[in-house]
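Here is what each chain is made of, one letter per residue.
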Amino acid sequence: MSWRNEMRECVRTLEDLQTYITFDEGEQEKIAEILDHAPMAVPPYYLSLIDFDDPDDPIRKLAIPSLREADPSGSLDTSGEADNTVVVGLQHKYRETAMMLSTNECAMYCRHCFRKRLVGLPDEGIAHDLDAVRSYLMDHPEITNVLVSGGDALLNSNARIEAILSMLTDIPHLDFIRIATRVPVTLPSRITTDDDLLGILARYREKKQLFMVTQFDHPREITSEAAAAVRAVLDRGIPVRNQTVLLRGINDDPAVLGSLLQKLTSIGAEPYYVFQCRPVTGVKSQFQVPLKEGCRIIEGAKAIQNGIGKSFRYCMSHVTGKIEILGELSDGSMAFKYHEAKDRENLGRVFTREVADDQAWFE
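In this report, we go over the structure that sits alongside the text. Positions within a chain are numbered from 1, following the residues in the order the chain's sequence is written. Local features in this predicted model are restricted to residues of pLDDT 70 or higher, and side-chain atom pairs are both shown and tallied only at a pLDDT of 80 or more, whereas totals for entire chains, interfaces and linings draw on every residue. Excluding hydrogens and water, the side-chain figures rest on all heavy atoms present in the structure.

**Notes on the overall build of the chain**
Step number 1: Under the scheme used here, helices are H or I runs from DSSP no shorter than 4 residues and strands are E runs no shorter than 2 residues, and both carry numbers assigned from the N terminus. For the chain, the count of helices and strands is 14 helices and twelve strands.
Step number 2: The C-alpha radius of gyration computed for the chain amounts to 20 Å, which stays within 12% of the reference 21 Å derived for 363 residues, consistent with globular compactness.
Step number 3: Exposure classes here rest on a 1.4 Å probe applied to the protein chains alone. A residue is buried below 20% of its type maximum, exposed above 50%, and partly exposed in between. When each of the 363 residues of the chain is scored for burial, the buried share is 56%.
Step number 4: The Shrake-Rupley method, run with a 1.4 Å probe sphere, supplies the accessible areas, and residue values consider only the shown protein chains as cover. Only carbon and sulfur atoms are counted for the fraction: they give 48% of the accessible area of the chain, which is about 14900 Å². Radius of gyration: over C-alpha atoms. The globule rule applied is 2.2 Å multiplied by the number of residues raised to the 0.38 power.

**A few points about the packing of aromatic side chains**
To describe a pair of aromatic rings, you give the distance between the ring centres and the angle between the ring planes.
Step number 1: Two aromatic rings, drawn from Phe, Tyr or Trp (for Trp, its six-membered ring), form a pair once their centres lie within 6.5 Å of each other, and the interplanar angle then sorts them: stacked below 30 degrees, edge-to-face above 60, tilted otherwise. On inspection of all chains with the given rule, the structure shows eight aromatic pairs.
Step number 2: Considering the side-chain rings of Tyr-273 and Phe-275, the 5.0 Å spacing of their centres and the 35° angle between planes classify their relative orientation as tilted. As far as burial versus exposure is concerned, Tyr-273 and Phe-275 are alike and both buried.
Step number 3: When the ring of Phe-336 is compared with that of Phe-351, the centres are 5.4 Å apart and the planes differ by 20°; the resulting orientation is stacked. With Phe-336 in strand β11 (residues 334–341) and Phe-351 in strand β12 (residues 350–353), this residue pair connects regions lying 15 residues apart in the sequence. The pair Phe-336 / Phe-351 is uniform in exposure class, with both members buried.
Step number 4: Taken together, the ring pairs connect Phe-336, Tyr-338, Phe-351 and Phe-362 into an aromatic cluster.
Step number 5: Note on criteria: charge over ring means Lys NZ or Arg CZ within 6 Å of the ring centre, with the direction from the centre no more than 35 degrees off the ring normal. Across from the ring centre of Trp-3, 4.2 Å away, lies the NZ or CZ of Arg-190, which sits over that ring.
Step number 6: The ring of Phe-362 carries Arg-353 above its face, with NZ or CZ at 4.1 Å from the centroid.

**With respect to the nonpolar core**
Step number 1: Nonpolar cores were defined as sets of buried Ala, Val, Leu, Ile, Met, Phe, Trp, Tyr and Cys residues, with membership established by side-chain atoms within 4.5 Å. Tyr-46, Leu-168 and Ile-191 are the most contacted members of the largest nonpolar core, which has 110 residues in total.
Step number 2: Grouped together as the second largest cluster of nonpolar side chains are six residues, Leu-101, Leu-118, Ile-126 and Ala-180 included.

**Considering helix α10 (residues 195–207)**
For the α-helix, the turn length of 3.6 residues means that residues three or four positions removed from each other point alike.
Step number 1: The terminal C-alpha atoms of α10 lie 19 Å apart, and with 13 residues this matches the ideal 18 Å at 1.5 Å per residue to within 8%.
Step number 2: Those residues of α10 that sit buried are Leu-197, Leu-198, Ile-200, Leu-201 and Tyr-204. Taken around the axis of α10, the buried residues stretch over an arc of 155°, which confines them to a single face. Exposed residues pointing more than 90 degrees away from the buried face of α10 are listed as Asp-195, Asp-196 and Glu-206.
Step number 3: Contact between two residues is taken to exist if any of their heavy atoms lie within 4.5 Å; hydrogens are not considered. Looking at the packing, one finds that the buried side of α10 touches α7 (158–169), β5 (176–180), α9 (189–192), β6 (209–214) and α11 (224–234).
Step number 4: Contacts described as polar in this section are N or O atom pairs within 3.5 Å, which, within protein, must combine one atom able to donate a hydrogen with one able to accept it, while residues neighboring in sequence count only if both atoms come from side chains. Capping the start of α10 is the job of one residue whose side-chain oxygen sits 3.1 Å from the backbone nitrogen of Asp-196: Asp-194. Take the number of residues in a helix, subtract one, and multiply by 1.5 Å to get its expected span. Working definition: the arc comes from the directions between the helix axis and the C-beta atoms, pointing outward to the latter.

Put into structure tokens, the structure is as follows:
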């Protein structure tokens, strides 16, 4: 099946979902309310990975809405993205990096997404005006790389992907471009069955270094199809790096997370970050793991890795910067380090903080 046909056959509605799951009348009403502000899309490929006989199946939790999403705690913009927006669809939080919201669409709308305020909804915050984006970048030579994100960058049409890459690769002070996508995980056919896309990536890789940044969160997501998508990108000279999110009920076990990291290195998707789950409305109460528990999980997973598998950082994408979570100290406090910082005076700063056993974020 081509990727376009898969997208046409996504499970998107409550009626689609009831083919696989039985809800009572009260549950149907609540799920319908959730889908009004947090849309669902699950391609047939990813749907095939779900064990619907197991209500605690981790793949199901990643893809299928839960009644727990109705919990109003948390916030919709936990990292201050609105404050960092300099042109519609372009953010500039860290001096050397700009981040472009290229689309509001994804192959699958992950239930732990930190951009629930945007994905699948009206696209007012998307960078439609590439000339405005280019103008800002040309006026800021300190920016050395751009992260093309969304939504999912590879859910853009091939023509738009080429237009974006053409614009960015012609900016002389950019050293490289990162493409943020989860399609190797959720819709690998987008890559493996589309020679035009692969040709575009190969051509622009000749002009400027490209990186692909993806997100595998559970070992069962690493299938032969996913591995083939990663290999197709690697074969075009584009390194693939992975950002996992630490998630309750998904990978909050050293053996599960450790297996994921091992499988990632085996297919050539280098572990890059493990991120603390953000306290997003509809996500916080279901998926967040406390910081101290997270450190123990991370260290247990690292203990079974080789050097490449140990090379990632455990970080929190906080409103003030990217804070590396170093670990728990003998007095019960925790140590942290600013890996990136909005205020450059914080760059590299190591600090300690008293952290409650159930604390999962810095307010």
